[in-house]
Amino acid sequence: MTGVRPAPAGPAATTGARAVAATVRGGWFGFAGSGANALFGFLLVAIVTRGLGAHGAGAVFAGVAAFTILGNACKLGADTALVRFVSRDLELTGGAGVPALLRTAVPPALLVSSAAAAALLLSPAPALWLLPGLPQDQAVAVVRLFALFLPVAALSLVLLGATRGYGSVVPFVGVEQMGKPVLRVVIAVPLVLVAPGVFALSAAWLAPALLGAAAAWWSLRRSRAAHPGLPDAPQSAGPGEFWAFAGPRALSSIFDIASVWIGVVLLSALGTSAEAGVYTAIGRLVTAGTLLQLAVRLAVAAQLSRLLAGGRTADAVHLHRLSTRWIVLFSWPLFALLAAYPGTVLSLFGQDFGAGATGLVVLSAACAVNVAVGNAQTVILMAGRSVWNLAVAGTGFAVQIGAGIWLAPRYGVTGAAVAWGLAIVVDNGASALLVRRRLGFRTVDRGYLYAAAVAFAVAAPVAFAVRALLGDTGQGAFLGTTLTICAFGAAVWRYRVPLGVGEFFRALRKGDGNNSR
């Protein structure tokens, strides 16, 4: 027997059991949504690159990168703050304080995003810097198109943050991970066939934002109706407390999203649009490796906040430890396969993308460190330590910018990948130390060690042994992937008890529907 098996009494079997169940069920749906997002994101990149070539695709995704960074900045951290404060309000007042929280969060985000949009519409300078490879008129038109959708995107993200605070991942997954990616592909396909162009395909990427914002508003309205709150309940958080948390998170969220896209921007400005297109493809692939981590993050954030607000720290620690074990177990094998067959995987995007093989190996190793610490950043935020998160994210981003400016012009895609990899290691390593030493969240236990051993010591040797025999070829990748899956599945079954597989499936069957729908 091990300490990770559920006992008749204790945190995992009493109040924490509902949080585990909600996380498993919400994480399962989130994983499906993340898979759909990765699949259709991959299809969109393939469609755009096939239709426009690496140069045109680089221009489109440079605009997407800048829009994504700016959109996340304009929400001012209010989305994460709503996840924390709405979930805490549900624990303390049953939801009575949510209307006040929305009045605090939404107007500033709309005001800032509208001001940013106006600045982009009136000044051509950002367009000329961001898209130097396009004719001036076309570059300005593309950037102004992105500017028009900026307030809509910011509002949608803030409203979806509130829905996550209610314990439901369905609206966020349905809008951001399923609805928008699918619609983008549906719109882009006929455009590539009939009228391919940078402006047209940028419009295809932006158009679903309108429906997304409407869906977010409707979902939040339903959640509020289902949780009217306790009568005469006091407000759980005032504007001062809200923005004291959201302010640092606003800055750290800029660093978070910028770290994903800044390599595209640097390569577009300091290198070539073709390199930016290759780097975008690599980013899509390594993001696919973190699907489970992102899915669990969506589901676990509100649960951690409610547990900590209710004083159930032991339950929160158990939930973090258990979710981290599952993330490591199912994510590391994918990174081993990406590192073993980078050329074959990148060839799916086209002939010009083989130059990114080394960069893909570098980022696969860095992302293995990322998933190894679980959602340590989420623990820090849901504990109310947004200033800690800002310091860590800012340090990681400074490392990436400094290394990227020096490496990207010299080594192209590989240099940008090394810079991002360094930032990932710094960010996650520092977060893990803070969670362990300052908050007392222990991540490593016997179950974690079993998960790490099964995920790495079983999957990696098989994948690289086949690579050594057959090379980085389609045949080698197919055989290596098949044998790795078989070996991994056998090892999971053999060590299912210390891995806690039974607890996972019991939670999946018996989860609390109110928290996970």
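A short tour of the structure in this document, coming up.

Here is what the cut-offs are and how they apply
- Residues numbered from 1 in each chain as written.
- Predicted model: local features only at pLDDT ≥ 70, side-chain atom pairs only at ≥ 80, totals over all residues.
- Heavy atoms only, no water.
- 1 Å grid on protein atoms, 1.4 Å probe; cavity = no way out; pocket = protein on both sides within 12 Å on 5 of 7 lines; lining within 4 Å.
- Points joined across faces, edges and corners; volume = space filled by probe spheres on them.
- Helix = DSSP H or I, 4+ residues; strand = E, 2+ residues; numbered from the N terminus.
- Nonpolar A, V, L, I, M, F, W, Y, C, P; charged D, E, K, R; others polar.
- Core = buried A, V, L, I, M, F, W, Y, C linked by side-chain atoms within 4.5 Å.
- Buried < 20%, exposed > 50% of the residue type's maximum accessible area, 1.4 Å probe, protein only.
- Contact = heavy atoms within 4.5 Å.
- Phe/Tyr/Trp six-rings, centres within 6.5 Å; stacked < 30°, edge-to-face > 60°.
- Lys NZ or Arg CZ within 6 Å of the ring centre and 35° of its normal.

**Side note on empty space enclosed by the protein**
Logical step 1: What the rule picks out here adds up to 2 cavities of 30 Å³ or more.
Logical step 2: There is about 40 Å³ of room inside the second largest cavity.
Logical step 3: Every residue lining the second largest cavity is listed: Leu44, Val48, Val60, Phe61, Arg184, Ala188, Leu201, Ala204 and Trp205.
Logical step 4: When residues of the lining of the second largest cavity are traced back to their parent elements, those giving at least two are helix H1 (15-74), helix H7 (170-194) and helix H8 (198-206).
Logical step 5: The leading source of residues in the lining of the second largest cavity is H1, at 4 residues.
Logical step 6: Along the lines of polarity and charge, the residues of the lining of the second largest cavity split into 8 nonpolar, no polar and 1 charged.

**Structural notes on the nonpolar core**
Logical step 1: Grouped together as the largest cluster of nonpolar side chains are 137 residues, with contacts concentrated most on Phe67, Leu82, Leu131, Phe242, Trp332 and Leu346.
Logical step 2: At 15 residues, H1 tops the list of elements feeding residues into this core.
Logical step 3: Setting aside its immediate chain neighbours within four residues, leucine 82 contacts Ser87, Leu101, Leu102, Ala105, Val158, Gly161, Ala162, Gly165 and Phe242.
Logical step 4: Listed in part, the 8 residues of the second largest apolar core include Leu329, Val454, Phe488 and Val501.

**Section: the packing of aromatic side chains**
Aromatic ring pairs: the centre-centre distance and the angle between the two ring planes describe each pair.
Logical step 1: Summed over the entire model, instances satisfying the criterion amount to 11 aromatic pairs.
Logical step 2: For the pair phenylalanine 85 and phenylalanine 242, a centre-to-centre distance of 5.6 Å together with 40° between the ring planes defines the contact as tilted. Taken together, the positions of phenylalanine 85 in helix H2 (residues 78-93) and phenylalanine 242 in helix H10 (residues 239-270) put the pair 157 residues apart, joining distant regions of the chain.
Logical step 3: Residue class for phenylalanine 85 comes out buried when judged on its relative accessible area of 1%.
Logical step 4: An aromatic cluster is present here, built from Phe85, Phe242, Trp243 and Phe245 joined pairwise through their rings.
Logical step 5: A cation sits over an aromatic face here: arginine 184 above tryptophan 205, 3.9 Å from the ring centre.
Logical step 6: In this structure, arginine 496 is placed above the aromatic ring of tryptophan 493, and the distance from its NZ or CZ to the ring centre is 4.0 Å.

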